[in-house]
Amino acid sequence: MSRAGRIVAGTLDRIREVLRPGMSTEDLDAEAERFIRSHDGAVPSFKGLYGFPKTLCTSVDEEIVHGIPSPKRVLTEGSIVSVDVGVQLEGLHADSATTLPVGQVAPDTERLLRVTQECLAAGIAQARVGNHVGDIGYAVQQVAESAGYGVVRELVGHGIGTRFHEEPQVPNYGAPKRGPRLLEGMTLAIEPMITVGSPVTRTLGDKWTVVTADGSLSAHFEHTIVITANGPRILTSA
Ligand code: MG
Ligand code: MG
């Protein structure tokens, strides 16, 4: 999983390097698939997962998650795009997401990106032996709501390993010391989805893209981590 995670991190680095206003989300997808398959044995986890057609989920502005890359979706200056990617290597998966500014973005938008990263860091910090899943969600929720943002409820983080989505579910809200106990060796995808306005969602007619019901901006950051005796270790950083 650590090796799969390094390829995931490399994919997001590559996307960060090439992203420019005027590119389509399909361009990003093609770049990601090429990068992943250039590693011996590595395949995109998402392609075919529940019937999803692409390597990346690319979710722009008010889109929260599961946007489908398309040549018709051209990225414009001032937008943000959440890029979510999974890699399978030798039967094991890793999963990560980042939300990137397209060119220059407004200060309010930068703040959303910064706070959502802080949510992820706060959640990861609670991924310790003896804590519970609720400690992760509580930490994420505290950071988001004290900044005045909403926490999406309908979508959650997850266990990950030989299957892409495993138990336990890892909500981005909750109460300390509630939910399943965290054990050494558990591998989790922690993934706050944070909204500027209401966190209520709806799904578009393509049956995939989840957006904020009120059209407000949303950001999504994710890492796959393993819980060690010495605390959390991030598997999806370079
Ligand atoms: Mg993901
Ligand atoms: Mg995930």
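Up top you'll find the structure we're talking about.
Everything numeric here is computed off the predicted structure, so don't read it as measured data. (Residues numbered from 1 in each chain as written. Chains lettered and ligands numbered in written order. Predicted model: local features only at pLDDT ≥ 70, side-chain atom pairs only at ≥ 80, totals over all residues. Heavy atoms only, no water.)

Before going further, it helps to spend a moment on the pairing of strand β15 (residues 231-234). The pairing of strand β14 (residues 223-228) with β15 spans 4 bridges and is classified as antiparallel. When the bridges of β15 are listed, Ile227 appears paired with Pro232. A loop of 2 residues connects β14 with β15, the two strands running antiparallel in sequence. (Pairing = 2+ DSSP bridges. Helix = DSSP H or I, 4+ residues; strand = E, 2+ residues; numbered from the N terminus.)

The next subject is the pattern of salt bridges. In the structure shown here, the tally under the stated rule is 12 salt bridges. One salt bridge in this structure joins Glu90 and Arg3, with 3.2 Å as the shortest N-O distance. Here Glu90 is found in the loop between β4 (80-89) and β5 (92-101), whereas its partner Arg3 is found in helix α1 (residues 2-18), with 87 residues between them in sequence. Note on Glu90: relative accessible area 63%, which makes it exposed. The partner of Glu33 in a salt bridge is Lys47, with the nearest N and O atoms 2.9 Å apart. Of the two residues, Glu33 sits in helix α2 (residues 25-37) while Lys47 sits in the loop between β1 (43-44) and β2 (56-60), which places them 14 residues apart along the sequence. By relative accessible area, which is 17% here, Glu33 ends up buried. (Salt bridge = Lys/Arg side-chain N within 4 Å of Asp/Glu carboxyl O. Buried < 20%, exposed > 50% of the residue type's maximum accessible area, 1.4 Å probe, protein only.)

Before going further, it helps to examine the side chain of Thr195. Relative to the helices and strands, Thr195 resides in strand β10 (residues 193-195). Looking at Thr195, its side chain comes within polar contact range of the main-chain oxygen of Gly197, at 2.9 Å. (Polar contact = N/O pair within 3.5 Å; in protein donor to acceptor, adjacent residues only side chain to side chain.)

Around the magnesium ion (ligand 2), the protein contributes the donor atoms Asp95 (OD), His158 (NE2), Glu191 (OE) and Glu222 (OE), which lie 2.0 to 2.2 Å from the metal centre. Read from N- to C-terminus, the donor residues coordinating the magnesium ion (ligand 2) fall into the pattern D-x62-H-x32-E-x30-E. The two metals, the magnesium ion (ligand 2) and the magnesium ion (ligand 1), are separated by 3.2 Å and share Asp95 as a common coordinating residue. Of this pair, Glu191 sits in the loop between β9 (187-190) and β10 while Glu222 sits in the loop between β13 (218-220) and β14, and the two are 31 residues apart along the sequence. Since its relative accessible area comes to 7%, Glu191 is described here as buried. Overall, Glu222 belongs to the buried group, its relative accessible area being 0%. (Donors = N, O, S within 2.8 Å, 3.2 Å for Na, K, Ca; no water.)

Treat this as a map of the structure, not an account of what it does.
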